[in-house]
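Examining the three-dimensional arrangement
One-letter residues, chain by chain:
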Amino acid sequence: MTGRKATRRHHTKLKRLLAASAAQRQAAASEGAEFRRWSPEEVVAKQLLPYRSARVLKQRCYERKIHHHNDGGRITFTFDDLRREAERTAVEPFAKPA
């Protein structure tokens, strides 16, 4: 019976360590997200913009219809580009607040 209690404590401690590690990784990722650059393929895979094809997304960039960066001939997106694109395509509701 004492073996069980030790095992439970071990798992509880392990869970706390894993949760703390995950929280640290998420905090680090959110701090770096501001400077991260996403490729059109990553944007489509992560569904950061409402496009289902990287080809269509690139075509819109070539036509200069979407906020993006052209880094050395490569299309990339920053957090600010994605935010501005979301604001640009937002739809205002007709209903007035009561």
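The rules we used
- Residues numbered from 1 in each chain as written.
- Predicted model: local features only at pLDDT ≥ 70, side-chain atom pairs only at ≥ 80, totals over all residues.
- Heavy atoms only, no water.
- Core = buried A, V, L, I, M, F, W, Y, C linked by side-chain atoms within 4.5 Å.
- Buried < 20%, exposed > 50% of the residue type's maximum accessible area, 1.4 Å probe, protein only.
- Helix = DSSP H or I, 4+ residues; strand = E, 2+ residues; numbered from the N terminus.
- Contact = heavy atoms within 4.5 Å.
- Salt bridge = Lys/Arg side-chain N within 4 Å of Asp/Glu carboxyl O.

**Let's talk about the nonpolar core**
Burial of nonpolar side chains together is a common tendency in soluble globular proteins. Trp-38, Val-43, Val-44, Leu-49, Tyr-51, Ala-54, Leu-57, Cys-61, Ile-66, Ile-75, Phe-77 and Leu-82 form the largest nonpolar core, which has twelve residues in total. Examining the composition of this core, we find that three residues originate from one element, helix 3 (residues 54-62), more than from any other. Every residue in contact with Ile-75, bar those within four places of it in the chain, is listed here: Trp-38, Ser-39, Pro-40, Lys-58, Cys-61, Tyr-62, His-68, His-69 and Asn-70.

**Describing the side chain of Thr-78**
Checked against the element boundaries, Thr-78 lands in the loop between strand 2 (74-76) and helix 4 (79-88). For Thr-78, a relative accessible area of 9% gives the class buried. Apart from the residues within four sequence positions on either side, Thr-78 is in contact with Arg-36, Arg-37, Trp-38 and His-69.

**Here we look at the environment of Leu-48**
Residue placement: Leu-48 occurs in the loop between helix 2 (40-45) and helix 3. The class for Leu-48 is partly exposed, based on a relative accessible area of 35%. C-alpha of Leu-48 to C-alpha of Ala-86: the two residues are 38 residues apart in sequence and 9.2 Å apart in space. Dropping the residues within four chain positions of it, Leu-48 is found in contact with Trp-38, Val-43 and Leu-82.

**Side note on the pattern of salt bridges**
Following the criterion strictly, the structure yields eight salt bridges and no others. Salt-bridge contacts for Asp-71 lead to Arg-37; the nearest nitrogen and oxygen are separated by 2.6 Å. Within this pair, whereas Asp-71 is found in strand 1 (residues 69-71), its partner Arg-37 is found in the loop between helix 1 (2-32) and helix 2, the two being separated by 34 residues in sequence. Classification of Asp-71 as partly exposed rests on a relative accessible area of 32%. With relative accessibility at 36%, the residue Arg-37 sits in the partly exposed group. Between Asp-80 and Arg-83 there is a salt bridge, with the nearest N and O atoms lying 2.3 Å from each other. Taken together, the positions of Asp-80 and Arg-83, both in helix 4 and three residues apart, correspond to about one turn of that helix. Connected via shared salt-bridge partners are Asp-80, Arg-83 and Glu-87.

**Brief notes about the side chain of Asp-81**
Relative to the elements of secondary structure, Asp-81 occurs in helix 4. We classify Asp-81 as buried; its relative accessible area is 2%. Beyond its immediate chain neighbours, meaning those up to four positions away, Asp-81 contacts His-67, His-68, His-69 and Thr-76.

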